[in-house]
Amino acid sequence: MKYETVIGLEVHVELATKSKIFCSCSAHSFGAEPNSHVCPACCGMPGMLPVVNKRVVDYGMKAGMMLNCHINRTTTFDKKSYYYPDLPAAYQTTQWFAPVAVNGTVEIETSGGKKSVRIKQIHMEEDAGKLVHDIREDTTHVDFNRTSVPLIEIVSQPDLSGAEEVEAYLERLKTLLRYAKVAECEMAHGTMRCDVNLSVRPEGSNVLGVRTEMKNMNSIEAIKRAIEYEVSRHIDAIENGTEVLVQETRRWDDIKGKSYAMRTKETAGDYRYFPDPNVMPIVIDDEWFDSIKATLPELPEVKKARYTGEYGLSDYDADQLTKSIAVCECFEDAYSVCGNAKDAANWMISEVMSLLNVKKMTYDMLDLNGITLGELIVLVSGGKVGRANAKKILAAIFDDPSIVPEEYAKANGFIVSNDTGLIATVVKETVAADPKSVADFKGGKEKALMALFGKCMKQLKGNCDPQVLRKILIDHINGL
Ligand code: ZN
Ligand code: MN
C-alpha cells in the first residue's frame, strides 16, 4: 500500500527585542554569567507583576502581517501551568484564548510545484530557562538568563507532506521574518526551534493517523533525517505490527539516528489554561495597527522583479542581492548616491560579499553604510581613485563607519593624479629600464605592453587613469 505523510509544524522564534517580554532585563545574554540577566519578575518570585514589552506586540503583529494573518485587535495572555525546573513560576505566560495573529498563509515552492501552507495561529509567549547538566559533579544547574525572553510560536495546519516541503517552509519563514527585522531565525543559535508533528495514512484517505511529536529540533538536516526515520517507523508499525503507535512526544537523537519516546502527549486540559489576571487585555487600535503596517518591507520577489525590470540587473545579480534585507538596503543606498545600478550591484556582489566571506560573516550581518559605499563608487567611476586603491578604502570603511572615502583617499595618497608630466616621466624611466619588453612588444607580443603598463602603474601607486597611462605609454614606445 502507498502512504502519505501529514506534517504540521510548531516553530518557536526568538524575537529580536532588546529586553525581555515582561521585565526590563536584557534579552541577550549569550556568553554571560549564568543568572546575571534576571530580576524578581523573570525569576517568578511571589508577588511579581509582569509589564508587557510593547515592542513584543509590535513584532508579533508584524510577523502576523508578513504571514497574511488576521490580527486579533484584542489579544490576551494566559497561564499555561506545568512543572519543570527551568520554569520558575511553574506556569508559562503565553496566549491561548486570543493569540495576536490567526488564519494566515505561507506560500512555498518545491520540485512538486507551488503550495500554500495554512497558518493556524501565531502566539506570543515567554521562553523558559536552561538546565545545565554537570557530568563530573553529577548535578544539574539552572540558568534563568533565557527565562522570559520573548518568543512567537508559529503553528501551521497539517499541510506539509514531507521533508522537502518542511525545508522550503522553514526557509520561507526565515526569509519573511528576517526581511521584517523581527527575528534572527538562526537554528544554530537556538533563535529558531521546530517541533514536528507527524502522522502517516494510506494515500487518498482523509482520516488522520496516530500523531507523534518531535520537540526542539535545531537543524534542518536533523529535521529531514528525523522525518525520514519517523515515517518508516510509522509505516512499519502499520504494516508489520512492529509496535503500537501512540500519541506521544518523542526525542530525536541525531547521533544514533533514532527517536525515543519521552512522554505521552499532554492534552490542552493538562495545562489548565486560564487568563492571566496580571496582564490586561491588549487592544490594538487603528493607529497602532496602521503604524505597524506602514513598516512592512517589500517582499523579496517584488524586490527581485524591480531589480531586474526597473534597474536592468541580471537574474543572477538580483538573486544574490535579495538573499538578505541587509544587502538590499546597502545596495539601494549605494545606488541612490552613485546612480548606476549595475556598478552598485557589481561592488556589492564581487567586493562586499567577498569581504563578508573572508570575515566569515553572513549576509545578514552586513553593517556597511550604503551611502558611504555609493560615495566610493562615485570616486572610482569619476576616475578619482583607481580600483585597487578603492578596494583598500572599502576594507577601511567596512571596519570603521566614520571614514569618509574622499578624505581617506586624500590622506592615504589614493587620489588619481592628472599630472601628465609625472606620468610621462615614469613612462620614460620604466621603458628605458626594460628594453626587452619594448622589443617584445614591437615584435608583436601584446602581453609585453601589459608588463610595462603594470610597472608604470606600480610606480604611480595606482593613482592614474588607466586610459591616460595607456595612451602615453603607447605614444612613447611608438616614438622611440
Ligand atoms: Zn527580569
Ligand atoms: Mn510554545
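One numbering rule holds for all chains: residues counted from 1, following each sequence as written. Chains and ligands are labelled by the order in which they are written, letters from A for the one and numbers from 1 for the other. In keeping with the model being predicted, local features are shown solely for residues with a pLDDT of at least 70 and side-chain atom pairs are shown and tallied solely at 80 or more, while totals for entire chains, interfaces and linings include all residues. Values shown for side chains rest on all heavy atoms present in the structure; no hydrogens or waters enter the calculation.

**Q** How would you explain the domain arrangement of the protein chain if you had to name every residue and give the values?
**A** You can read the domains of the protein chain as domain 1 (3-287), domain 2 (300-411) and domain 3 (420-478). Bear in mind that the domain bounds are from an automatic or database domain assignment. Computed from C-alpha coordinates alone, the two centres of domain 1 and domain 3 are separated by 66 Å.

**Q** Explain the pairing of strand β1 (residues 3-14) residue by residue, including any values.
**A** Taken across its twelve residues, β1 has eleven buried, putting it largely inside the fold. Sheet analysis places β1 next to strand β11 (residues 192-202), joined by eleven bridges and oriented antiparallel. Of the residues in β11, the one forming a bridge with E10 is D195. Being paired, for any two strands, means DSSP has found at least two bridges between them. For the purposes of this entry, the term helix denotes a DSSP run of H or I that reaches at least four residues, the term strand denotes a run of E that reaches at least two, and both are numbered from the N terminus. Across five bridges, the pairing between β1 and strand β10 (residues 150-156) is antiparallel. Paired with V13 across the bridge in β10 is I152. Here's how the labels work: a residue is buried when its accessible area is under 20% of the maximum for its type, exposed when over 50%, partly exposed in between, all with a 1.4 Å probe on protein chains only.

**Q** Residue-level account of the nonpolar core, with values.
**A** By size, the foremost hydrophobic cluster in this structure holds 103 residues, and its most contacted members are I154, Y169, L170 and L373. No other element matches the ten residues that helix α8 (residues 341-358) contributes to this core. Of the domains in this structure, domain 1 (3-287) and domain 2 (300-411) are the two that each give at least three residues to this core. Note on contacts: a residue pair is in contact if any heavy atoms of the two residues lie within 4.5 Å. Once you skip the residues sitting within four places of it in the chain, L170 turns out to touch L9, V11, M187, M192, C194, I220 and I223. V426, A448, F453 and L469 belong to the second largest nonpolar core, which has 17 residues in total. Among buried residues, the Ala, Val, Leu, Ile, Met, Phe, Trp, Tyr and Cys ones that are joined through side-chain atoms within 4.5 Å form a nonpolar core.

**Q** An account of helix α3 (residues 220-240) is needed here, citing residue identities and associated values.
**A** To estimate the expected span of a helix, count its residues, drop one, and scale the result by 1.5 Å. With 21 residues, α3 extends 30 Å from end C-alpha to end C-alpha; this agrees with the ideal 30 Å at 1.5 Å per step. Turning to α3, its buried residues are I220, A222, I223, A226, I227, E230, V231, R233, H234 and A237. One side of α3 holds all its buried residues, which, seen down the axis, span an arc of 170°. Turned more than 90 degrees off the buried face of α3, the exposed positions are E228 and N240. Where the residues of α3 are buried, they touch β1, α2 (163-179), β11, β12 (212-217), β13 (248-253) and β14 (258-264). Positioned one or two residues after α3, G241 has a phi angle of 60°, which is positive. Think of the arc as the fan of directions from the helix axis to the C-beta atoms.

**Q** Can you tell me about the sheet that holds β11, naming the residues and giving the values?
**A** If you walk across this open sheet you meet the nine strands as β2-β6-β7-β10-β1-β11-β12-β13-β14, and the pairing is mixed. Strand pairing shows two members of the sheet lacking a second neighbour, β2 (70-71) and β14, which therefore form its edges. The pairing of strand β7 (residues 113-126) with β10 spans seven bridges and is classified as antiparallel. Of the residues in β10, the one forming a bridge with I119 is S156. To obtain an axis, a line is fitted to C-alpha atoms, over the contacting stretch when the element is a helix, and the angle between two such axes runs from 0 to 180 degrees between their N-to-C directions. Docked against the sheet, α2 engages β1, β6 (101-110), β7, β10 and β11, running at close to 115° with respect to β6.

**Q** Help me get a handle on the side chain of S29, residues and values and all.
**A** Inspection of the secondary structure assignment puts S29 in the loop between β1 and α1 (54-66). Not counting residues up to four positions away in its chain, the partners in contact with S29 are H37 and N145.

**Q** Lay out unusual backbone geometry with the relevant residues and their values.
**A** With phi around 60°, N35 is a residue other than glycine that occupies positive phi space. Mapped onto the elements of the fold, N35 is located in the loop between β1 and α1. Classification of N35 as partly exposed rests on a relative accessible area of 33%. A positive phi is found at N68, a non-glycine position, where the angle reads about 55°. By the element assignment, N68 lies in the loop between α1 and β2.

**Q** Describe the coordination of the manganese ion (ligand 2), listing the residues and the values that go with them.
**A** Coordination here is defined by N, O and S atoms within 2.8 Å of the metal (3.2 Å for Na, K and Ca), and since water is not considered, a site can look incomplete. Within the first shell, the manganese ion (ligand 2) binds the protein through H12 (NE2), E125 (OE) and E153 (OE), at distances of 2.0 to 2.2 Å. If you list the donors of the manganese ion (ligand 2) from N- to C-terminus, the spacing comes out as H-x112-E-x27-E. Taken together, the positions of H12 in strand β1 and E125 in strand β7 put the pair 113 residues apart, joining distant regions of the chain. Accessibility classification places H12 together with E125 in one group, the buried group.

**Q** Which residues make up the coordination of the zinc ion (ligand 1), and what are the values?
**A** For the zinc ion (ligand 1), the protein coordination sphere consists of C23 (SG), C25 (SG), C39 (SG) and C42 (SG), at 2.3 to 2.4 Å. When four donors show all angles between 85 and 135 degrees the site is tetrahedral, when four or six donors have opposite pairs over 155 degrees and all other angles between 65 and 115 it is square planar or octahedral respectively, and in every other case it is irregular. Around the zinc ion (ligand 1), the four donor atoms are arranged such that angles at the metal cover 102 to 113°; this shape is classified as tetrahedral. Look at where the donors of the zinc ion (ligand 1) fall in the sequence and you get C-x1-C-x13-C-x2-C. Residue C42 is classed as buried on the basis of its relative accessible area of 2%.

**Q** Tell me about helix α4 (residues 286-293), residues and numbers included.
**A** When α4 is considered as a whole, its buried residues turn out to be W288, F289 and I292. For α4, the arc enclosing every buried residue in end-on projection is 100°, short of the 170-degree limit, so these residues lie on one face. Residues D286 and E287 are exposed on α4 and point more than 90 degrees away from its buried face. For α4, the elements touching its buried residues are α1, β2 and β16 (282-283).

**Q** Kindly report on the side chain of T17, identifying the contributing residues and their values.
**A** By the element assignment, T17 lies in the loop between β1 and α1. Looking at T17, the relative accessible area reads 1%, which means it is buried. Polar contact criterion, stated in full: a pair of N or O atoms within 3.5 Å, where within protein one must be able to donate a hydrogen and the other to accept it, and residues adjacent in sequence count only if both atoms are side-chain atoms. Among the polar contacts listed, one links the side chain of T17 to the backbone oxygen of S19, at a separation of 2.8 Å. Apart from residues lying up to four places away in sequence, T17 is in contact with A27, H28, N53, R55, V56, Y59 and P150.

**Q** Please provide a residue-by-residue account of the pattern of salt bridges, values included.
**A** For salt bridges, the criterion is a side-chain nitrogen of Lys or Arg within 4 Å of an Asp or Glu carboxyl oxygen. Tallied over the full model, the rule gives 35 salt bridges. Close ionic contact of E248 with R250 constitutes a salt bridge, the shortest N to O distance being 2.5 Å. Judged by relative accessible area, which is 9%, E248 ranks as buried. Overall, the relative accessible area of 7% leaves R250 in the buried class. Close ionic contact of K471 with D475 constitutes a salt bridge, the shortest N to O distance being 2.9 Å. Separated by four residues within a single helix, K471 and D475 lie in helix α15 (residues 466-478), roughly one turn from each other.

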